[in-house]
Amino acid sequence: NAGVTQTPKFRILKIGQSMTLQCAQDMNHNYMYWYRQDPGMGLKLIYYSVGAGITDKGEVPNGYNVSRSTTEDFPLRLELAAPSQTSVYFCASSYAGTKSGELFFGEGSRLTVL
Amino acid sequence: AQTVTQSQPEMSVQEAETVTLSCTYDTSESDYYLFWYKQPPSRQMILVIRQEAYKQQNATENRFSVNFQKAAKSFSLKISDSQLGDAAMYFCAYRSAIKTTNSKLTFGKGITLSVRP
């Protein structure tokens, strides 16, 4: 039972490079989320999706793009990496209207932009 | 918009003692969930305990319990018999239970808990 799987776990990028953080879940969850975690700032929502083909911006979407072609996958794209995008990124998923309310998290991806 | 405030950035507790981590939140909704997540150095986000706002009874999970004060919008976490493995960052989080929302989690800034042997 894999849960939420993120790849890669670590990556170093040069300014201006592009990359995609992959996220997959095998729990048939409707909702998926991307958060970034910066020291002392908690987790901020970047983008979220309520189902395949439906995505929307969170609090800090600038510099990122997402797509949701399947229920299982929710990749996060960085087009022109900037030092401000150095962070730890978490993908999460949950059932729609779940009684438990719980989000399930991946293990995180540490990205450094130099 | 909902906000979650954790005003203490760091706390320390002696092993086997009890510690309470504070959290306040602001919302105009009446139906919601509150959570405490633990993040050890491994970075994994681990759910410690959850509370449904409609329940008056405080949630408990083994050594972890909460003091949920709905009117005061306060949600503190008590860790009893602290263990070295409890050392981590702890996040308080809020989630609306209204199905028409995106059901995102709103996090506080976190508190780093250290446990002294």
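Not measured: the values here are computed from a predicted model.

## A short note on the nonpolar core
Ranked by internal contacts, the top residues of the largest apolar core, which has 26 residues, are Leu21(B), Tyr25(B), Trp36(B), Phe75(B), Leu77(B) and Tyr90(B). At the level of elements, β3 (19–21), β5 (32–39), β6 (46–52), β8 (64–69), β9 (74–79), β10 (88–96) and β12 (111–116) of chain B are the ones that each hand at least two residues to this core. Once residues lying within four places of it in the same chain are set aside, the contact partners of Tyr25(B) are Thr3(B), Val4(B), Tyr32(B), Leu34(B), Phe68(B), Gln69(B), Lys70(B), Lys73(B), Ser74(B), Phe75(B) and Tyr94(B). Counting 20 residues, the second largest nonpolar core, distinct from the first, contains Val4(A), Val66(A), Phe74(A) and Leu111(A).

## Here we look at the state of the cysteines
Scanning the model with the defined rule gives two disulfides over all chains in all. For Cys23(A), the disulfide goes to Cys91(A), at an S-S distance of 1.9 Å. Handedness of the Cys23(A)-Cys91(A) disulfide follows from its S-S torsion of about -75°: it is left-handed. Here the residue Cys23(A) occupies a position in strand β3 (residues 19–25), and Cys91(A) occupies one in strand β9 (residues 87–94), the gap between them amounting to 68 residues. Judged by its relative accessible area of 2%, Cys23(A) is buried. Given a relative accessible area of 0%, Cys91(A) falls into the buried group. Here Cys23(B) pairs with Cys92(B) through a disulfide, and the sulfurs are 2.0 Å apart. Here the S-S torsion is close to -70°, and the disulfide linking Cys23(B) with Cys92(B) is therefore left-handed. Of the two residues, Cys23(B) sits in the loop between β3 and β4 (24–26) while Cys92(B) sits in strand β10, which places them 69 residues apart along the sequence. A relative accessible area of 2% places Cys23(B) in the buried class. You can call Cys92(B) buried: its relative accessible area is 0%.

Reading guide: rules and limits
Residues numbered from 1 in each chain as written. Chains lettered and ligands numbered in written order. Predicted model: local features only at pLDDT ≥ 70, side-chain atom pairs only at ≥ 80, totals over all residues. Heavy atoms only, no water. Core = buried A, V, L, I, M, F, W, Y, C linked by side-chain atoms within 4.5 Å. Buried < 20%, exposed > 50% of the residue type's maximum accessible area, 1.4 Å probe, protein only. Helix = DSSP H or I, 4+ residues; strand = E, 2+ residues; numbered from the N terminus. Contact = heavy atoms within 4.5 Å. Disulfide = S-S within 2.5 Å.

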